[in-house]
Amino acid sequence: NLQGFIRTMLMKRLSSCGQSFLISVERHLLRNHVALHALESGAPLPLGTVENGRWDALSDDDADNLLPDDAGRLGSASKRSSEDWAVVAADRYQALDQKPPAGLSWISTRFFTSELVEAVRSDNAVLQTILDEHSPWDPDADTKLDALERLITEIHADEKVVVFSEYADTAEYVGRTLKARLPDVAIESVTGGTNDPTVAARRFSPKSNAALGGLPRGQTEVQVLVATDVLSEGQNLQDAAIIANYDLPWTIIRIIQRAGRVDRVGQESPRVDVYSFLPQEGVEKVISLRKRIAQRLRENAAAFGSDEQFFDDDLSEDQVRGLFDGSASLEADETHEDVDWASQALAIWESGTGDEQQRAIALPNVTFSTRMHRDDDRHGGVLVYTRTTRGIDGLAWTAPEARRPATRIVTPLE
């Protein structure tokens, strides 16, 4: 199951961007060689999550210990020999030992067999061959980026465009390469590592962010914004009406969520265009891949336990297909928490006739309040925030365990 999941992750990175795929292969190689260093030397094997930033670069104090062609950054592992990798792996292992991240644990290598060492070596040989044959990545031969450039300069010339990617590596690569290709276009990229994503949103969409001060003082306005899903929630980007999904997210509903950043209250364009870059085989391949990934994730969850939800299980194949061919409607997903409620309310209002709107305006105001305390509430308890299975926020009174019922909703739900 884990082998299949790793293959799926690598293929998904490849479908996003060739540069991101090669970065993933190199990171995988580095982790493998660090594990191999522990297995071969008898040192404890690190277990747990180590963020990419810790692997990608060491502190300045460690820089002198690296190979001359490494300089502490990924991207130079092409044609690297096993002996060279051994030096790098030992250096990274030492840095990890000296400054371990929170939650990292260590396990004795006596629990592993010699067959594991041979298997890791075999994997490393295959991964190294991929790097040797395809690295470094050539942006000038990137036909996917060519298509995005045409979208920006020809199909929607002089219009604002939001480009979404699931991966920070892809967003940074696309933003950096587009700036080099289009020096006269104001382009900015935003990822989870950006200090203040809202500043980028204000630079890109100053009109819709007027309440936050609009265009920041001393900053220039941006025409093309390349971002991860860090900007797909809680940001106003409706100065634009063009969205490009450079890759497909794990959770397909995020495509709707991304569109919700521009298709919302304040959008002045009568039309919002959403473009999605699909794998070469097209929509049916995407649906098939989604089904295989979902099945693999369910198998992993059954074997190892997981509370992560990668896919919205309520989406049918027709709905997924509709997200890409333009036939999808938000009606089936209006109760989903990712849909902007203000925009939904506006859409409902605008769908009504003039008479219906007037009758709605004439309705008397309704006052909602929680109920008064009852006598049986005086025996102790606490008022707590709660959320129903329908996603409705409210308050509940929780009494001592001896009382029945133990918890009662006190906020009107209708």
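Anything mentioned here points back to the structure above.
Please read these numbers as outputs of a predicted model, since none were measured by experiment.

S.K.: Can you explain the environment of P270? Please cite residues and give values.
M.R.: Along the chain, P270 turns up in the loop between α9 (254-259) and β7 (273-276). Residues P270 and A241, 29 residues apart in the sequence, show an inter-C-alpha distance of 8.9 Å.

S.K.: Please give an account of a nonpolar patch on the surface that cites residues and values.
M.R.: Taken together, the side chains of L383, Y385 and L395 define a hydrophobic patch exposed on the protein surface, amounting to about 310 Å² of accessible area. Mapped onto the elements of the fold, L395 is located in strand β9 (residues 393-398).

S.K.: Describe helix α1 (residues 2-16), listing the residues and the values that go with them.
M.R.: An α-helix turns once every 3.6 residues. As a result, residues three or four positions apart point the same way. Spanning 15 residues, α1 covers 21 Å between terminal C-alpha atoms, matching the ideal 21 Å at 1.5 Å per step. For α1, the set of buried residues is G4, T8, L10, K12, R13 and S16.

S.K.: Go over the side chain of K160, please, and point to the residues and values.
M.R.: Along the chain, K160 turns up in the loop between α6 (143-155) and β3 (161-164). Of the residues examined, K160 reaches a relative accessible area of 16% and is grouped as buried. Within the local environment of K160, its side chain forms a polar contact with the backbone oxygen of F204, the two atoms lying 2.9 Å apart. Within the local environment of K160, its side chain forms a polar contact with the backbone oxygen of V222, the two atoms lying 2.6 Å apart.

S.K.: Hey, could you go over the nonpolar core for me, with residue numbers and the actual values?
M.R.: Generally speaking, a soluble globular protein has its nonpolar side chains buried in company with each other. By size, the foremost hydrophobic cluster in this structure holds 20 residues, and its most contacted members are L148, V163, V174, L178 and V226. Listed by contribution, the elements that provide at least two residues to this core are α6, β3, α7 (168-181), β5 (224-227) and β6 (242-245). Leaving out residues up to four positions away in the same chain, L148 has contacts with V163, V174, L178, A244, Y246 and F277. Counting residues in hydrophobic clusters, the runner-up holds 17 residues, among them L22, L29, A38 and A89.

S.K.: Hey, could you go over the packing of helix α2 (residues 18-41) against helix α4 (residues 82-98) for me, with residue numbers and the actual values?
M.R.: Between two packed helices, the angle of one axis relative to the other and the distance separating the axes together describe the packing. Interaxial distance between α2 and α4 falls to 8 Å at its minimum, and their mutual angle equals 80°. Regarding the angle of α2 to α4, the classification is roughly perpendicular. Contacts from E26, L29, L30, H33, V34, H37 and A38 of α2 reach α4 at W85, V88, A89, A90, R92 and Y93. For the contact of α2 with α4, the residue count by class is nine nonpolar, two polar and two charged.

S.K.: Before we move on, could you go through the pairing of β6 and cite the residues and values that matter?
M.R.: The alternating pattern of β6 places I242 and A244 on one face and I243 and N245 on the opposite face, and all of these are buried. Pairing of β3 with β6 involves four bridges; the strand directions are parallel. Residue pairing across strands places V163 opposite A244, the latter belonging to β6. Across four bridges, the pairing between β6 and β7 is parallel. Residue I242 lies in a different strand from β7, and its bridge partner there is D273.

S.K.: Hey, could you go over the sheet that holds β7 for me, with residue numbers and the actual values?
M.R.: The five strands lie next to each other as β4-β5-β3-β6-β7, forming an open sheet whose pairing is parallel. Sheet topology places β4 (187-190) and β7 at the edges, where each strand pairs with a single neighbour. Looking at each pair of strands side by side, their axes are set apart by 15° on average, direction ignored. Inspection of the sheet shows β3 paired to β5 by four bridges, in the parallel sense. Note that in β5 the partner of V161 across the bridge is V224.

S.K.: Give me the lowdown on the packing of aromatic side chains, citing residues and values where you can.
M.R.: Here a ring pair, both rings aromatic, is described through the centre-centre distance and the interplanar angle of the planes. Tallied over the full model, the rule gives two aromatic pairs. The interplanar angle of 75° and the centroid separation of 5.7 Å between the aromatic rings of Y93 and W106 together place this pair among those described as edge-to-face. With Y93 in helix α4 and W106 in strand β2 (residues 105-107), this residue pair connects regions lying 13 residues apart in the sequence. Judged by relative accessible area, Y93 falls into the buried class, the value being 9%.

Each value, and the rule that gives it
Residues numbered from 1 in each chain as written. Predicted model: local features only at pLDDT ≥ 70, side-chain atom pairs only at ≥ 80, totals over all residues. Heavy atoms only, no water. Helix = DSSP H or I, 4+ residues; strand = E, 2+ residues; numbered from the N terminus. Patch = residues over 30% accessible without salt bridge, like charges linked within 9 Å, V, L, I, M, F, W, Y side chains within 5 Å. Areas by Shrake-Rupley, 256 points an atom, 1.4 Å probe, with all protein chains shown as cover. Salt bridge = Lys/Arg side-chain N within 4 Å of Asp/Glu carboxyl O. Expected span 1.5 Å × (residues − 1). Buried < 20%, exposed > 50% of the residue type's maximum accessible area, 1.4 Å probe, protein only. Polar contact = N/O pair within 3.5 Å; in protein donor to acceptor, adjacent residues only side chain to side chain. Core = buried A, V, L, I, M, F, W, Y, C linked by side-chain atoms within 4.5 Å. Contact = heavy atoms within 4.5 Å. Axes fitted to C-alpha atoms, helices over the stretch in contact; angles between N-to-C directions. Parallel < 35°, antiparallel > 145°, perpendicular 65-115°, else oblique. Nonpolar A, V, L, I, M, F, W, Y, C, P; charged D, E, K, R; others polar. Pairing = 2+ DSSP bridges. Phe/Tyr/Trp six-rings, centres within 6.5 Å; stacked < 30°, edge-to-face > 60°.

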